[in-house]
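Remarks on the overall topology
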Amino acid sequence: MDCHATTGTNDRKLNPANTTIPNELAKDSRIFTQNAKIPNDSQAQLKLDSSKSQVPNMTPKPTPLICIPTYNEVSNISPLLREIFYLYPKIHILIIDDNSTDGTQEILASLSPIYPNLHILKRTGKLGLASAYIDGFSWGLKRGFSHFIQMDADFSHHPRYLSQTLHNLSCFDVIINSRNIIGGGVVGWGISRKILSRFGSLYARFWLGARVMDFTGGFNAYSTRALRAINLHSIKSSGYCFQIEMKYRAYKARLRILELPIIFEDRIAGKSKMSKTIVLEALWRTPFLRLQAIKISSKKVRE
């Protein structure tokens, strides 16, 4: 599997000694932004600790689990699963369903005999995105999966981008399928929603000081090593602030992070779960995450 990084257009292997840090990153000498070779030759951003002088070592072949939270996705779940399993017949998918009442559960029950690698985790009610992922990750960790891919159920995270994600699992602890780097973008949103999304990532970068371009996106992959470093069960955020906290903890843990471009497509069926409560939580909790990190660092210094 080729996960080598290149510097610019010269196709040279990554070497911090001859790599120039862009001006906007000069204050964060731990991060390099590079192009990365991926299957479709899209542009990627590679973030590496500057103490490492080479591309991360290869690990054994990954055994990924795709985690998809659902709540009333009757219009989307069947075609989504059909497409993913058509592309990757042997991949494992876990649906974390929050007691859907629109027929989603019945569809999942009918698909289980057809797809032996489809797993369903039923929950008692609408308990939220963060707890759905934490329960899904915990389920997979107990069963020995090596990597965990987050996906929405509404085709906003299109299965065609799974190829670039799967291709790079062996080389990175965290993969962010990003709307906010060159080659990425959003279609189907109004201007206000686009501004809100961009502001969310800018706001997080401002407070957290981490050069992650898409802090709020939900199409990500984490290795088992990353989940253990992040300490899942200590996460307090819910909603989309969960995505910010996960990525910030990965950054603070000096994990290997890769951003790859995607085009995010707004759902054409079903109802969005975005709310004012979710936005407000991200506004107040993001500065709190930075303050919490400073407090922990100060405590370690005193010790």
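That block above? That's the structure.
Everything quoted here is computed from the prediction, not taken from an experiment. All chains use their own residue numbering, which begins from 1 and follows the written sequence. Per-residue local features are limited, in this predicted model, to residues with pLDDT of at least 70; the limit for side-chain atom pairs, both in listing and counting, is 80 or more; totals at the level of whole chains, interfaces and linings are taken over all residues. Heavy atoms from the whole structure form the basis of all side-chain values; hydrogens and water molecules are not counted.

For the rest of this paragraph, the subject is the packing of helix H3 (residues 129-142) against helix H7 (residues 241-252). When two helices pack together, you describe them by how their axes are tilted relative to each other and by the distance separating the axes. Fitted lines through C-alpha atoms serve as axes, helices being fitted only where they are in contact, and the angles separating the N-to-C directions of these axes extend from 0 to 180 degrees. Secondary structure elements follow DSSP: runs of H or I no shorter than four residues count as helices, runs of E no shorter than two count as strands, and numbering proceeds from the N terminus. With their axes 8 Å apart at the nearest point, H3 and H7 run at an angle of 50° to one another. With respect to H7, the element H3 is oriented oblique. Residues Leu129, Ala130, Tyr133, Ile134 and Phe137 of H3 form the contact with H7, whose participating residues are Phe242, Gln243 and Met246. Angles are sorted into four bins: roughly parallel if under 35 degrees, roughly antiparallel if over 145, roughly perpendicular if 65 to 115, and oblique for all others. Contact criterion: two residues are considered in contact whenever any of their non-hydrogen atoms come within 4.5 Å of each other.

Next up on the list: the pairing of strand S8 (residues 174-178). Where burial is concerned, most of S8 is hidden: five out of the five residues are buried. Of the two faces of S8, both are covered, the one formed by Val174, Ile176 and Ser178 as well as the one formed by Ile175 and Asn177. DSSP-based pairing: two strands are paired if at least 2 bridges between them are found. Examined bridge by bridge, S8 and strand S10 (residues 220-223) share three bridges and lie antiparallel to one another. Residue Ile176 lies in a different strand from S10, and its bridge partner there is Asn220. Judged from the five bridges that link them, S8 and strand S11 (residues 257-261) form a sheet pairing that is parallel. We call a residue buried when its accessible area falls under 20% of the maximum for its residue type, exposed when it is over 50%, and partly exposed in between, using a 1.4 Å probe and counting protein chains only.

Quick look at helix H1 (residues 77-87) now. Among the residues of H1, those classed as buried are Ile77, Ser78, Leu80, Leu81, Ile84 and Phe85. Buried positions in H1, seen along its axis, are confined to an arc of 165° and lie on one side of it. Against strand S4 (64-70), strand S5 (92-97), helix H2 (104-111), strand S6 (118-122) and helix H4 (162-167) lie the buried residues of H1. In this context, the arc is that of the directions from the helix axis out to the C-beta atoms.

With that settled, the discussion passes to the side chain of Gln243. Secondary-structure assignment places Gln243 in helix H7. On the basis of relative accessible area, Gln243 is assigned to the buried category, the value being 1%. In protein, a polar contact means a hydrogen-donor-capable atom and an acceptor-capable atom, both N or O and within 3.5 Å, with residues adjacent in sequence counting only if both atoms are side-chain atoms; elsewhere, any N or O pair within 3.5 Å suffices. In this structure the side chain of Gln243 is engaged in a polar contact, spanning 3.5 Å, whose partner is the side chain of Gln150. Apart from residues lying up to four places away in sequence, Gln243 is in contact with Leu129, Tyr133, Gln150, Phe215, Thr216, Gly217, Gly218 and Asn220.

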